[in-house]
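Residue-level listing of the chains:
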Amino acid sequence: MTGDDEEAEFVADSVAEQMYTVCHQCGGIGEVPIPVLAVLGGVGRTATANRTCHVCDTNGRLTGMVPPI
């Protein structure tokens, strides 16, 4: 291997480590909204509560290139 080949391999490995996919479940926010029933001012309506995303563990990213399933 020449020096250029080693440098190209190093660059390719560095880029692969930095590649990520935005989480498909939460859209990169890290939390998933859940609609819940709430009574606000004596009127029943839908409110949203957030829970942590179980796919990305609140990171918002998936390591590497991950296609949606």
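Look up: the structure comes first, before these words.
Throughout what follows, the structure given in this document is the object of discussion. (Residues numbered from 1 in each chain as written. Predicted model: local features only at pLDDT ≥ 70, side-chain atom pairs only at ≥ 80, totals over all residues. Heavy atoms only, no water.)

1. Focus on the nonpolar core
1) Next: If you look at the biggest cluster of nonpolar residues, it comprises 6 residues: Cys 23, Cys 26, Val 32, Cys 53, Cys 56 and Leu 62.
2) Next: The residues touching Cys 23, leaving out its near neighbours within four places in the chain, are Gly 28, Cys 53, Val 55, Cys 56, Gly 60, Arg 61 and Leu 62. (Core = buried A, V, L, I, M, F, W, Y, C linked by side-chain atoms within 4.5 Å. Buried < 20%, exposed > 50% of the residue type's maximum accessible area, 1.4 Å probe, protein only. Contact = heavy atoms within 4.5 Å.)

2. So, the environment of Cys 56
1) Next: Checked against the element boundaries, Cys 56 lands in the loop between β3 (43–52) and β4 (61–63).
2) Next: With a relative accessible area of 6%, Cys 56 lands in the buried category.
3) Next: Considering only alpha carbons, one finds Cys 56 and Cys 23, 33 residues apart in sequence, at a separation of 6.4 Å.
4) Next: Ignoring anything within four residues of it in the chain, the contact list for Cys 56 reads Cys 23, Cys 26, Gly 30, Arg 61 and Leu 62. (Helix = DSSP H or I, 4+ residues; strand = E, 2+ residues; numbered from the N terminus.)

3. Structural notes on the side chain of Thr 21
1) Next: By the element assignment, Thr 21 lies in strand β1 (residues 20–22).
2) Next: For Thr 21, the residues in contact, after removing those within four places along its chain, are Gly 60, Arg 61, Leu 62, Gly 64, Met 65 and Val 66.

4. Here we look at unusual backbone geometry
1) Next: Within the chain, Asp 57 stands out as a residue other than glycine whose phi angle is a positive 55°.
2) Next: Inspection of the secondary structure puts Asp 57 in the loop between β3 and β4.
3) Next: A positive phi is found at Thr 58, a non-glycine position, where the angle reads about 65°.
4) Next: Position of Thr 58 among the secondary structure elements: in the loop between β3 and β4.

That is the geometry; function is a separate question.
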